[in-house]
Amino acid sequence: MPPWRMSRTFPGSPVAIAEARRFVTAFLRRWPGVDDAELIVSELATNAVRHSESGRFGGCFTVAIQVDRDKVWLGVLDQGGPRIPRPLPPPLDGEGGRGLALVAGLAMNWGVTGDSQGRIVWASMDLAPYKVSPR
Ligand SMILES: Nc1ncnc2c1ncn2[C@@H]1O[C@H](COP(=O)(O)OP(=O)(O)OP(=O)(O)O)[C@@H](O)[C@H]1O
Ligand SMILES: [Mg+2]
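An account of the accompanying structure is given in this report. (Residues numbered from 1 in each chain as written. Chains lettered and ligands numbered in written order. Predicted model: local features only at pLDDT ≥ 70, side-chain atom pairs only at ≥ 80, totals over all residues. Heavy atoms only, no water.)

A few words now on the overall build of the protein chain. The helix and strand tally for the protein chain stands at three helices and five strands. Reading the helices (α) and strands (β) of the protein chain from amino to carboxyl end gives β-α-α-β-β-α-β-β. For 135 residues, the compact-globule estimate of 2.2 N^0.38 gives 14 Å, and the C-alpha radius of gyration of the protein chain, at 15 Å, lies within 12% of that figure. If you line up the protein chain on its principal axes, its C-alpha atoms span 45 × 35 × 25 Å. By residue count, 39% of the 135 residues in the protein chain fall in the buried class. When contacts within the protein chain are restricted to residue pairs at least 6 apart in sequence, those whose partners lie at least 24 apart make up 65%. Carbon and sulfur atoms form 54% of the exposed surface of the protein chain, whose accessible area is close to 8000 Å². When the 16 basic and 13 acidic side-chain charges of the protein chain are each reduced to a single mean position, those positions are 5 Å apart. (Helix = DSSP H or I, 4+ residues; strand = E, 2+ residues; numbered from the N terminus. Rg over C-alpha atoms; globule rule 2.2 N^0.38 Å. Buried < 20%, exposed > 50% of the residue type's maximum accessible area, 1.4 Å probe, protein only. Contact = heavy atoms within 4.5 Å. Areas by Shrake-Rupley, 256 points an atom, 1.4 Å probe, with all protein chains shown as cover. Lys, Arg positive; Asp, Glu negative; His and termini not counted. Charge placed at Lys NZ, Arg CZ, Asp CG, Glu CD.)

Now the structure itself:
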């Protein structure tokens, strides 16, 4: 399979999160890891809208998918701001602070690049354990 990359920019509004999920599932639909990828992008897009400048009036975020020989890479580019993406300690009341921990659990690897001007929170998944199903 040749490597490929795809990206799309969405308005920084909560309603765009469902669109971001559909964008990912449309491109990965033949891959058995698609459900995990959908969850990951949902958490990352939600965070971009809720915690970064992407959520301000007129803001946006970009979702990128890259597939190569052995991995699927998902990245959400936001518009930065003062807050820094980092997993929170497990909540005492069971509410909130779960998104990045969930992403870390599902991904083979994840990370953050950028600064207050814009950040990419990314996650990579191993292609092999899921295998691409034949047509
Ligand atoms: N894209 C981002 N830009 C800036 N800060 C972020 C971003 N993503 C996450 N954060 C910060 O990292 C914290 C942890 O994110 P995480 O997704 O784990 O929890 P949450 O969004 O607070 O709650 P939950 O995802 O469970 O609804 C957030 O509370 C926020 O302060
Ligand atoms: Mg979150």
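Now, onward.
In space, the five strands of this open sheet follow the order E1-E2-E3-E5-E4, with antiparallel pairing throughout. This sheet does not close on itself; its edge strands, each paired only once, are strand E1 (4–11) and strand E4 (109–115). With direction set aside, neighbouring strand axes in the sheet form an average angle of 15°. Pairing analysis gives seven bridges linking strand E3 (residues 71–77) to strand E5 (residues 118–126), with the strands arranged antiparallel. For Trp73, the partnering residue across the bridge sits in E5 and is Ser124. The sheet contacts of helix H1 (residues 16–28) involve E1, strand E2 (60–67) and E3, and relative to E1 the element is tilted by about 165°. (Pairing = 2+ DSSP bridges. Axes fitted to C-alpha atoms, helices over the stretch in contact; angles between N-to-C directions.)

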